[in-house]
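The lines below spell out each chain.
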Amino acid sequence: MSDSTLSSRTVLVTGATSGIGYETARQLAERGATVLLHGRTAEEARAAADRLVATAGARATRPHPYGADFTHLEEVETLAAAIVAAHPHLDVLVNNAGMAAPERHTVTADGNEIAFQVNFLAHYLLTCLLEPALTADLGGRVVNVSSSLHRTASIQWGDPNRARRYSRLAAYAQSQLALTVFAADPRVTAVSVHPGVCDTALLPLYDHEGLSPAEGAAHVVRLCDPAVEIVNGAYYDRGERVDPAPAATEDRTVRRLNKLADLLVGRTV
């Protein structure tokens, strides 16, 4: 990957204060990209930006920190407005922020199951609101950091909050399937990537040991590079393009999911 192709790029990475998100931000900054670094709070984002500058050295461009708690959709709207105002031209959005679903069924103040909101709905809303910036110029793209667990999932259309039958693994997998389906939305060119099972906070969902977050992040960063051609809706398992779950390639499912997401985030189209 050449540094030059990333040096003029502006990239927003969500959930960039730790794990794969932090490593993605660091690798992009080291290659000269202007990185907008998102964290749950402005303080956490600033601390991560300071840490990145201290470890990445002189070559890295200083990231711009932004805070927004994805359990509050209002904060997602405020984040999007701030970014569009400061960066009307955004080259890449990396939808990385994620959480494991909790043991107990948990609903946000917005009324959504927490993992579905943090992992999918917040990213759906953010992507929709950033669409003008992402499409301001040809070549804007979205990279969704998804999971191989999306293959085990089904979207409970009648009960997306899983209030009737809750299982933390099923709730997490549903959020990852929704994120992967959303990549096929025609509004902005988007792909999904399973970065491999990495040693992050989500590791217990998969296994006892994993790759380093830096190894996982390298697969994400590659897809941010305009020199790497992508096809809308494509799904990657680490560096290799493979078929996603069948639902992720069905136009009807994409339309149905958008309708559900618009309803749940309170968007009137």
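Our subject is the structure listed above.
To keep things clear, this report deals only with the structure shown in the data block. What you see is a predicted model; the values in this text were computed from it and never measured. In this convention, every chain numbers its residues from 1, walking through the sequence in written order. Given that the model is predicted, a residue must reach a pLDDT of at least 70 before its local features are reported, and side-chain atom pairs must reach 80 or more before they are shown or counted; all residues, however, enter totals for whole chains, interfaces and linings. To obtain the side-chain values, all non-hydrogen atoms of the structure were used and water was disregarded.

**Brief notes about the environment of Asp 137**
Turning to step 1, where the next piece is worked out: Note that Asp 137 resides in the loop between helix H5 (114–134) and strand E5 (141–145).
Turning to step 2, where the next piece is worked out: Sequence separation of Asp 137 and Asn 258 is 121 residues, and the distance between their C-alpha atoms is 24 Å. Strands here are runs of E lasting at least two residues and helices are runs of H or I lasting at least four, both read from the DSSP assignment and numbered beginning at the N terminus.

**Section: a negative patch on the surface**
Turning to step 1, where the next piece is worked out: Taken together, Glu 74, Glu 75, Glu 77 and Asp 110 make up a surface patch of like negative charges.
Turning to step 2, where the next piece is worked out: Within the secondary structure, Glu 75 is located in helix H4 (residues 73–86). Here, patches come from residues exposed beyond 30% relative accessible area and free of salt bridges, joined within 9 Å for like charges and within 5 Å for nonpolar side chains (Val, Leu, Ile, Met, Phe, Trp, Tyr). The protein chains shown are the only cover counted for residues, whose accessible areas, like all others here, come from Shrake-Rupley with a 1.4 Å probe. When a carboxyl oxygen of Asp or Glu lies within 4 Å of a side-chain nitrogen of Lys or Arg, that pair is called a salt bridge. As used throughout, the charge tally considers Lys and Arg to be positive and Asp and Glu to be negative, leaving His and the chain termini uncounted. A charged residue contributes its charge at one atom only: NZ of Lys, CZ of Arg, CG of Asp or CD of Glu.

**Section: the nonpolar core**
Turning to step 1, where the next piece is worked out: Ranked by internal contacts, the top residues of the largest apolar core, which has 46 residues, are Leu 12, Phe 70, Phe 120, Leu 126 and Leu 130.
Turning to step 2, where the next piece is worked out: Going through the elements one at a time, H4, H5, helix H6 (168–182) and helix H8 (251–265) are the ones with two or more residues in this core.
Turning to step 3, where the next piece is worked out: Sort the elements by how many residues they give to this core and H5 lands first, with 13 residues.
Turning to step 4, where the next piece is worked out: Working rule for contacts: check all heavy atoms of both residues, and any pair within 4.5 Å makes them a contact. Every residue in contact with Phe 120, bar those within four places of it in the chain, is listed here: Ala 115, Ser 175, Ala 178, Leu 179, Phe 182, Leu 257 and Ala 261. Nonpolar core, defined: a set of buried Ala, Val, Leu, Ile, Met, Phe, Trp, Tyr and Cys residues in which side-chain atoms within 4.5 Å join the residues together. Exposure is judged per residue with a 1.4 Å probe applied to protein chains only, and the accessible area is read against the type maximum: over 50% gives exposed, under 20% gives buried, and values in between give partly exposed.

**Re the packing of helix H2 (residues 19–30) against helix H3 (residues 42–56)**
The angle between the axes and the distance between the axes are what describe a pair of packed helices.
Turning to step 1, where the next piece is worked out: Contact geometry for H2 and H3: axes closest at 10 Å, N-to-C directions at 50 degrees. In terms of their interaxial angle, H2 and H3 are classed as oblique. As for how H2 packs across H3, the hand of that crossing is right-handed. Contacts between H2 and H3 involve Tyr 22, Ala 25, Arg 26, Ala 29 and Glu 30 from the former and Ala 48, Arg 51, Leu 52, Thr 55 and Ala 56 from the latter.
Turning to step 2, where the next piece is worked out: A class-by-class count of the residues in the contact of H2 with H3 yields six nonpolar, one polar and three charged. To define axes, lines are fitted to C-alpha atoms, for helices over the stretch in contact only, and angles between the resulting N-to-C directions are given on a 0 to 180 degree scale. What sets the label is the angle itself: under 35 degrees gives roughly parallel, over 145 gives roughly antiparallel, 65 to 115 gives roughly perpendicular, and the rest give oblique. Crossing chirality is assigned from the near helix's rotation relative to the far helix, an anticlockwise turn below a right angle marking it left-handed and a clockwise turn marking it right-handed. Asp, Glu, Lys and Arg are counted as charged, while Ala, Val, Leu, Ile, Met, Phe, Trp, Tyr, Cys and Pro are counted as nonpolar; the rest, among them Gly, fall into the polar class.

**Quick word on the packing of aromatic side chains**
Turning to step 1, where the next piece is worked out: Side-chain rings of Phe, Tyr and Trp (the six-membered ring for Trp) are treated as a pair once their centres are within 6.5 Å; stacked means planes under 30 degrees apart, edge-to-face means over 60, and tilted covers the remaining angles. A full pass over the atoms with the stated rule returns four aromatic pairs.
Turning to step 2, where the next piece is worked out: With centroids separated by 5.4 Å and ring planes inclined at 50 degrees, the aromatic side chains of Phe 116 and Phe 120 adopt a geometry described as tilted. Highlighted residues: Phe 116 and Phe 120, both in helix H5, separated by four residues, approximately one helical turn.
Turning to step 3, where the next piece is worked out: Among the residues examined, Phe 120 registers a relative accessible area of 0% and is labelled buried.
Turning to step 4, where the next piece is worked out: Both rings, one in Tyr 124 and one in Phe 182, keep their centres 4.9 Å apart while their planes meet at 50 degrees; by these two values the pair is tilted. Residue Tyr 124 is found in helix H5, and its partner Phe 182 is found in helix H6; the two are separated by 58 residues along the sequence.
Turning to step 5, where the next piece is worked out: Look at Phe 182 and you get buried, because its relative accessible area is 6%.

**Quick notes on unusual backbone geometry**
Peptide bonds are mostly trans, and most non-glycine residues show a negative phi.
Turning to step 1, where the next piece is worked out: Of note, Arg 162 is a non-glycine position whose phi angle comes to about 55 degrees, a positive value.
Turning to step 2, where the next piece is worked out: Topologically, Arg 162 is positioned in the loop between E5 and H6.
Turning to step 3, where the next piece is worked out: One non-glycine residue, Arg 238, lies in the positive phi region at around 55 degrees.
Turning to step 4, where the next piece is worked out: Along the chain, Arg 238 turns up in the loop between strand E7 (235–237) and strand E8 (240–242).

**A few points about the pairing of strand E1 (residues 10–13)**
Every regular strand shows the same layout, with side chains that alternate between the two sheet faces.
Turning to step 1, where the next piece is worked out: Burial along E1 is two-sided: the residues Thr 10 and Leu 12 and Val 11 and Val 13 are all buried.
Turning to step 2, where the next piece is worked out: Paired strands are those between which DSSP finds at least two bridges. In terms of strand pairing, E1 meets strand E2 (residues 34–39) through four bridges, oriented parallel. Across the sheet, residue Leu 12 finds its bridge partner in E2, namely Leu 36.
Turning to step 3, where the next piece is worked out: Handedness of a crossover is defined as follows: with both strands directed away from the viewer, a clockwise route from the first strand across the helix to the second makes it right-handed. Once you follow E1 into H2 and on to E2, the crossover reads as right-handed.
Turning to step 4, where the next piece is worked out: As judged from the three bridges shared by E1 and strand E4 (residues 92–95), these two strands associate in the parallel manner. Note that in E4 the partner of Val 13 across the bridge is Val 94.

**A look at the pattern of salt bridges**
Oppositely charged side chains can pair when the atoms bearing their charge come close.
Turning to step 1, where the next piece is worked out: The tally for this structure, following the rule as stated, stands at ten salt bridges.
Turning to step 2, where the next piece is worked out: In this structure, Arg 26 engages Glu 23 in a salt bridge whose closest nitrogen and oxygen atoms are separated by 2.6 Å. Here the residue Arg 26 and the residue Glu 23 both occupy positions in helix H2, the gap between them amounting to three residues, near one helical turn. The residues Arg 26 and Glu 23 share a single accessibility class, namely buried.
Turning to step 3, where the next piece is worked out: The partner of Glu 30 in a salt bridge is Arg 26, with the nearest N and O atoms 3.0 Å apart. With Glu 30 and Arg 26 both in helix H2 and four residues apart, this pair spans about one turn of that helix.

**Overview of the side chain of Arg 141**
Turning to step 1, where the next piece is worked out: With respect to the helices and strands, Arg 141 occurs in strand E5.
Turning to step 2, where the next piece is worked out: Buried charge Arg 141 goes without a salt bridge, the closest partner of opposite sign being Asp 225 at 6.6 Å.
Turning to step 3, where the next piece is worked out: Beyond its immediate chain neighbours, meaning those up to four positions away, Arg 141 contacts Asp 91, Val 92, Leu 93, Leu 134, Thr 189, Leu 223, Cys 224, Asp 225, Pro 226, Val 228 and Ile 230.

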